[in-house]
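# Structural overview
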Amino acid sequence: MNNRRFLIVGLLALALVGCQRTETFTVNGTVANAAGEMLYLEHTALTQTSVVDSCKLDEDGTFVLEAPAPAYPDFYRLRIGTQSLPLAVDSTETISISTTRDSLPYTLSIEGSHNSLIMAQLRATARNASREELREEAKQVIMANPGSLAAYYAVFLKQGRQYIWNILDPSDRRMYQAVATSFYTWLPEYERTKVLYNQVLEILQAERSIKNQQTMRQFIDEAENSVLDITLPDEMGEMQSLSDLQGDVVVLDFSSSEMENSVGYNFELRELYNKYQKRGLEIYSVSIDRNKLLWEQTVENLPWITVHADQNNAVQVLMLYNVQALPTLFLLDRNGNVQGRYIDFEKLDTDIRKYL
């Protein structure tokens, strides 16, 4: 009986140790022509680079390196001497590399990390193509998935010693804004997010400090009496278009069920809806939510149109209406013209009455 009890205690102890084991990611593979040299796996943080694992390569060049999984997706690199290969690590993946010492920075044989491979392809283009070709390829990477590490890498990409994007150029700044907005939406507490988002925000604030009202007027004028259309799926998966509501006065709402005061915010919207719906008011709510299940539960009993923008289309939708923060409200008249931007329900209520 005592032996059995000790066995049970031992098994429980092993299970506890297993539960407490730190999750890791692995980088393995071969580096030819580097026998006897040290191979380092380094974390390239914003302010410093630190070694997280290393090994001495033998004749066949095989290696296995391991490190704790990052709390947020982040950048690492393999390094031999002054040669290094940037890597993107999301979580607990295994990344496999096959290369030689001298071709390490330009390795394209990468498995297990799609972002790392895209980064390598960008470096190959930077080495062999024109600046315009590189910018076009980087743009495609950014717009395809602005919330990815590859997009973050692309926005700071250099050709030679020169960055390919200039954040002070309004046209180039769209690339920075796309990545900053997407990272801020999905990873707001990530240090890289804060740095990039604040960098973009400071420039925008400097440009707009005296022009807030003129910017809104210009935005309204550029709409050219037509709806800047949005088409997204509702909670039933059916596509709903903002343009289908022309003929009604519309409150266009950009918000999230993950906001601190989401319940109170929806209560304010319900008050407006109950008050003016019979007179021709509709609400089109665009939710920017990482947790789709939470959103579905939140909007289940809301009587107006609620649609969901996922990570792949959130940035484009937010940029279409120049939304810089959640929540943001717009008022559209019966012809689909934008008549104002609001964060104040009282002012919105007053203006709704003008257009009903």
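Conventions adopted
- Residues numbered from 1 in each chain as written.
- Predicted model: local features only at pLDDT ≥ 70, side-chain atom pairs only at ≥ 80, totals over all residues.
- Heavy atoms only, no water.
- Helix = DSSP H or I, 4+ residues; strand = E, 2+ residues; numbered from the N terminus.
- Buried < 20%, exposed > 50% of the residue type's maximum accessible area, 1.4 Å probe, protein only.
- Contact = heavy atoms within 4.5 Å.
- Areas by Shrake-Rupley, 256 points an atom, 1.4 Å probe, with all protein chains shown as cover.
- Expected span 1.5 Å × (residues − 1).
- Pairing = 2+ DSSP bridges.
- Polar contact = N/O pair within 3.5 Å; in protein donor to acceptor, adjacent residues only side chain to side chain.

### Comments concerning the overall build of the chain
- Summing up its helical and strand segments, the chain has eleven helices and 17 strands in all.
- Of all 356 residues assigned to the chain, the portion counted as buried reaches 44%.
- A separation threshold of at least 6 residues defines the contact pool for the chain, and within that pool the share at least 24 residues apart is 60%.
- Carbon and sulfur atoms make up 48% of the accessible area of the chain, which amounts to about 19000 Å² in all.

### Points about helix H2 (residues 114–128)
- A rise of 1.5 Å per residue sets the reference length of H2, with its 15 residues, at 21 Å; its end C-alpha atoms lie 21 Å apart and thus fit the reference within 8%.
- Looking only at H2, the buried set comprises Asn115, Ser116, Ile118, Met119, Ala120, Leu122, Arg123, Thr125 and Ala126.

### Let's talk about helix H11 (residues 345–355)
- Where H11 is concerned, the buried positions are Phe345, Leu348, Asp349, Asp351 and Ile352.
- Where the residues of H11 are buried, they touch strand E13 (249–255), helix H8 (262–276), strand E14 (281–288), strand E16 (328–332) and strand E17 (338–342).

### Concerning unusual backbone geometry
- Here the amide bond leading from Leu326 into Pro327 is cis, since omega sits at 0°, within 30 degrees of zero.
- Its place among the elements puts Pro327 in the loop between helix H10 (314–320) and E16.
- The backbone of Asn322 sits at a positive phi, close to 55°, despite the residue not being glycine.

### Some words on the pairing of strand E3 (residues 49–56)
- Bridge count between strand E2 (residues 38–44) and E3: seven bridges; the pairing is antiparallel. Across the sheet, the residue bridging to Tyr40 is Ser54, located in E3.
- Hairpin remark: E2 followed by E3, antiparallel, with four residues in the connecting loop.

### Observations regarding the sheet that holds strand E8 (residues 110–111)
- Pairing in this open sheet of four strands is mixed, and the strands run E4-E1-E7-E8 from one edge to the other. The sheet is open, and its two borders are formed by strand E4 (62–68) and E8, each paired with just one other strand.
- As paired strands, strand E1 (residues 24–32) and E4 are joined by seven bridges and run antiparallel to one another. Looking across to E4, one finds that Thr26 is bridged to Glu66.

### Remarks on the side chain of Arg79
- Looking at the element boundaries, Arg79 is found in strand E5 (residues 74–80).
- A polar atom in the side chain of Arg79 sits 2.9 Å from the backbone oxygen of Gly81.

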